[in-house]
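Each chain, letter by letter, is given below.
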Amino acid sequence: MSEHHIKRLVIMRHAKSDWPLGVPDHERPLAERGHREAPLAGKWLLKHHVIPDFILCSSALRTRQTCTWVCSELGDKAPTPKLEDGLYAASALRMLAVINHVPETVTTLMIFSHMPGVQDLAMHLASRDSDHDAYMDAATRYPTSAMTVMELEKSWAELDGQDARLTHFAVPRPKK
């Protein structure tokens, strides 16, 4: 397998959100903890040389805010995110349908979305040769700010299930 044919998919759950009284779910903002933790995801991506060249973000406020923090850490390496209404409260299969329409020129795609869809999508796509520890972590817990990094050789349009190798599962948190 030649490395230049490998694509990467980063699936991220939004950072910790708040739920103020009277605020509809779509407009829920990040909690203070979310504002502290979201930038750490951007730092993790830089440290591990996982730089997206295309970002799709749910239109919900908490995912947009998370995306803004991550992109601020990526600086001039960050692409302009594309808001995608179809990622709000989406099932794994709905998210996959969105991914299947990503242009083939994209080599590293990052998705910002919600539970349970993010975890279900990672588990649906994970191949048998996935990193065992990363797979088990993603399967058993998917807290706020969690990210799954997957590698695939197929085109975005052909991606359908058990055909992406789960390589990393990260939950960036502040050092204590």
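Conventions used here
Residues numbered from 1 in each chain as written. Predicted model: local features only at pLDDT ≥ 70, side-chain atom pairs only at ≥ 80, totals over all residues. Heavy atoms only, no water. Axes fitted to C-alpha atoms, helices over the stretch in contact; angles between N-to-C directions. Helix = DSSP H or I, 4+ residues; strand = E, 2+ residues; numbered from the N terminus. Parallel < 35°, antiparallel > 145°, perpendicular 65-115°, else oblique. Left-handed = near helix turned anticlockwise from the far one by under 90°. Contact = heavy atoms within 4.5 Å. Nonpolar A, V, L, I, M, F, W, Y, C, P; charged D, E, K, R; others polar. 1 Å grid on protein atoms, 1.4 Å probe; cavity = no way out; pocket = protein on both sides within 12 Å on 5 of 7 lines; lining within 4 Å. Points joined across faces, edges and corners; volume = space filled by probe spheres on them. Pairing = 2+ DSSP bridges.

This paragraph deals with the packing of helix H1 (residues 32-47) against helix H2 (residues 61-74). At a closest axis distance of 8 Å, the pairing of H1 and H2 adopts a crossing angle of 45 degrees. Between H1 and H2, the angle is such that the two are oblique. The two elements H1 and H2 meet at a crossing, and its hand is right-handed. Note on element contacts: H2 touches H1 through Gln 65, Thr 66, Trp 69, Val 70, Glu 73 and Leu 74, opposite His 35, Ala 38, Pro 39, Ala 41, Gly 42, Lys 43, Leu 45 and Leu 46. For the contact of H1 with H2, the per-class residue count stands at eight nonpolar, four polar and two charged.

Moving on, we get to the layout of surface pockets. Computed from the structure, the largest pocket encloses a volume of approximately 210 Å³. Per-element tally for the lining of the largest pocket: the top contributor is H1, with four residues. Per-class residue counts for the lining of the largest pocket are six nonpolar, no polar and four charged.

If you trace the six strands from one edge of the open sheet to the other, you get E3-E2-E4-E1-E5-E6, paired in mixed fashion. The open sheet has two edge strands with one neighbour each: strand E3 (82-84) and strand E6 (165-170). Between one strand and the next, the sheet's axes are offset by a mean angle of 20 degrees, whatever the strand orientation. In the packing of helix H4 (residues 117-125) onto the sheet, the strands contacted are strand E1 (7-13), strand E4 (108-113), strand E5 (147-152) and E6, and the crossing angle to E1 comes to about 150 degrees.

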